[in-house]
Amino acid sequence: MNKNELQKLEILATKIRIDTVESIKSIGAGHIGGSLSIIELLAVLYGSKMKYDSKNPSWDDRDRLVLSKGHAGVALYSTLAECGFFDKKELMTVNNGGTNLPSHPDRNKTLGIDATTGSLGQGTSIAAGIATGLKLEGKDNYVYLIVGDGELNEGQCWEAFQYIAHFKLNNCIVIIDENKKQLDGPSKDIINPFNIQEKMRAFGFETISVKGNDIEAISEGIDYCKSIEDKAVCIVLDTIKGQGIRYFEEMAGNHSVKFTDDNVNNETEKILREMKNSLKEWE
Amino acid sequence: MFTLDSDNDFGMELRAAVVEELQDLMKENSKIIALEADLGSASKWIDISKSTPKQFINVGISEANMVGVAAGLSLTGFTPFIHTFGPFATRRVLDQIYMSGAYSKNTINIYGSDPGFTAGHNGGTHTTWEDIAVLRSIPDVVICDAADAVQMKWIIKEFSMLKGIHYVRGNRKAVKNIYEDGSNFELGKGNLLREGEDYLIIATGQLVSEALEVSQLLLEKGITSDVIDMFTIKPLDRELILERVIGKKKIITIENHSIIGGLGSAVAEVIADNGIGISLQRIGVDSRFGQVGTPKYLQKEFGLTTEKILDQII
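Residues numbered from 1 in each chain as written. Chains lettered and ligands numbered in written order. Predicted model: local features only at pLDDT ≥ 70, side-chain atom pairs only at ≥ 80, totals over all residues. Heavy atoms only, no water.

## So, unusual backbone geometry
Move 1: Of note, the bond from K234 of chain B into P235 of chain B is cis; its omega dihedral lies within 30 degrees of zero at -5°.
Move 2: Within the secondary structure, P235 of chain B sits in the loop between β12 (232–234) and α10 (238–244).
Move 3: With phi around 50°, K168 of chain A is a residue other than glycine that occupies positive phi space.
Move 4: Tracing the sequence through the fold places K168 of chain A in the loop between α6 (155–166) and β4 (172–178).
Move 5: In this structure K168 of chain A comes out as partly exposed when scored by relative accessible area, which is 39%. (Helix = DSSP H or I, 4+ residues; strand = E, 2+ residues; numbered from the N terminus. Buried < 20%, exposed > 50% of the residue type's maximum accessible area, 1.4 Å probe, protein only.)

Written out as structure tokens, the structure is:
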């Protein structure tokens, strides 16, 4: 990846991160931790890898994205807005009554959302079905499936993984966001996922581990997955819940954050200022 | 229009009717995909894997995944049909049908086989007298109970042309034919099979056959009755009920399902909503679990044979 391309994606990631924090802050609370952990991934996908037309969101020849960890919806909305699917002003309506941007993605409400998710585990099978449909149609498009590591508690994930591996659906790029925390605490203390890479390999996937905040590494990881023929592919994305903002990274319970505390609000304002300043420096 | 079958002999197996119809439809429409959850030998969907292998997917023993894969196929423009036994096709995957299916406005056609006493030797674990009840509360879901093979074939064909979530339940084995080949129906419209003055009998599924026999036995006692085949339980033909209830002494519903949440409840809602002061007798299963036995034994045990139904009415 050349320097310009990298900087373009870093700028996009920063914009998505700012939008995510601002829209969650505008409603006073929301799923910030798991949204922030996939920002670089979304920037790489929508900024460089995915085939789409933001002016024609239902374009038949587009790649698809299934955010199975639906609670990170705000990160996806911020990405879609930055990439021209709808006006950025709409981000400030997240979770308001009558909004087109509900907490969890709804394909019938939001332009650019390919699958309705939020009941964990179900997106994995929907992505498997989309990948099957694309293959049956003879299309060379990809479906990107983003799954949470906590979500792996759901048995349906493993049903879908067996299916994807059995049918060698290499057009379904499975990305597991290993941010190591779920709502009630560290995943290893709730239901230990043990070694996710080993599990996916045992399930028949070509599996790689990629640093979740490293734009170049994510990009290379996706290219590697696309080079694999005749085998299911999986990226285990090594992330931090709250990634990219130290204050949220260090917060113990950061699954859903309430913006009612002065300290939280002051820190957030400071962070937003810093991020906006770095944008100015880049631009 | 429909025509009543004059002999009331056993027709073709309902599973064979489903397979035959799907095979015919799939020849014309490459967008139809049949999905099985490792019951292809039991449902005979294995035959589809031979006739149109590219349009058949066995997902293995993973019903939740099957519903999700069907939803994904719908999102890419396909028309999926899925099969598994009734309990697994409904109560096991209720949230998948809700979120990946109905709420998302995807298209999934579901055949839930061997409802109620027809679970037979699979026993109480496999008995579903709740499938209609659990699905009925989800918006937009169409729910049918096939009376015979002719109607089952029509239902499958009709489903193949529509968008949305459609569920049909039916015995895998043969049931007595009610209708002549070539009969046509309308989703959401009940079929008035017999007219009378005293009772309004509303039945669904293979018990329509028993309802007609009960009506005949009542006639011998000087009681005449309407018999309606309410093969679509959702949407329910409220107009037909309101039209035929006028002047009747009582309404009787007959179903191979719990009396809680099924046809009987749906009819009760219609008469309550419209302030109709008339007695309603719901014949079905009254909050009991299933058990093992032959379908014939179970039908008797749970009070759903012609004789047992008649005993309850009189």
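## Here we look at the packing of helix α3 (residues 39–49) of chain A against helix α4 (residues 73–82) of chain A
Residue and element names in this part refer to chain A.
Move 1: At a minimum axis separation of 10 Å, α3 and α4 run at an interaxial angle of 35°. Crossing of α3 against α4: the hand is right-handed. Residues I39, L42 and Y46 of α3 form the contact with α4, whose participating residues are A75, L76, T79 and L80.
Move 2: When grouped by side-chain class, the residues that make up the contact of α3 with α4 number six nonpolar, one polar and no charged. (Axes fitted to C-alpha atoms, helices over the stretch in contact; angles between N-to-C directions. Left-handed = near helix turned anticlockwise from the far one by under 90°. Contact = heavy atoms within 4.5 Å. Nonpolar A, V, L, I, M, F, W, Y, C, P; charged D, E, K, R; others polar.)

## Some points on the interface of chain B and chain A
Move 1: Contacts between the two partners involve 26 residues from chain B, matched on the other side by 27 residues from chain A.
Move 2: Contact between chain B and chain A buries roughly 2000 Å² in total, counting both sides, with carbon and sulfur atoms accounting for 57%.
Move 3: Three residues stand out in chain B for area buried against chain A, namely N65, L75 and M99 of chain B, and they jointly supply 27% of the buried area on that side.
Move 4: Counting across the chain B and chain A interface gives one salt bridge.
Move 5: A salt bridge links K31 of chain B to E137 of chain A; the shortest N-O distance between them is 3.0 Å.
Move 6: At the junction of chain B and chain A, the tally comes to 13 residue pairs in polar contact (both at pLDDT 80 or more).
Move 7: Within the residue set of the side of chain B that touches chain A, elements represented by two or more residues are β3 (56–58), α4 (63–75) and α6 (94–103) of chain B.
Move 8: A total of nine residues in the side of chain B that touches chain A trace back to one element, the largest contributor, which is α4 of chain B.
Move 9: Taken together, the residues of the side of chain B that touches chain A break down into eleven nonpolar, ten polar and five charged. (Buried area = accessible area lost by both parts, 1.4 Å probe. Salt bridge = Lys/Arg side-chain N within 4 Å of Asp/Glu carboxyl O. Polar contact = N/O pair within 3.5 Å; in protein donor to acceptor, adjacent residues only side chain to side chain.)

## Some points on the pattern of salt bridges
Residue and element names in this part refer to chain B.
Move 1: Within this structure, the stated rule accounts for 34 salt bridges over all chains.
Move 2: E195 serves as the salt-bridge partner of R244, at 3.4 Å between the closest nitrogen and oxygen. With R244 in helix α10 and E195 in the loop between β9 (191–194) and β10 (199–203), the pair connects residues that are 49 residues apart, well separated along the chain.
Move 3: Given the relative accessible area of 16%, R244 is considered buried.
Move 4: Residue D226 is joined to K248 by a salt bridge in which the shortest nitrogen-to-oxygen separation is 3.0 Å. Taken together, the residues span a long stretch of sequence, with D226 in strand β11 (residues 225–229) and K248 in the loop between α10 and β13 (250–258) at a distance of 22 residues.
Move 5: Three or more residues joined by partner-sharing salt bridges are found here, namely E195, D226, R244 and K248.

The values reported here are purely geometric and, on their own, carry no functional implication.
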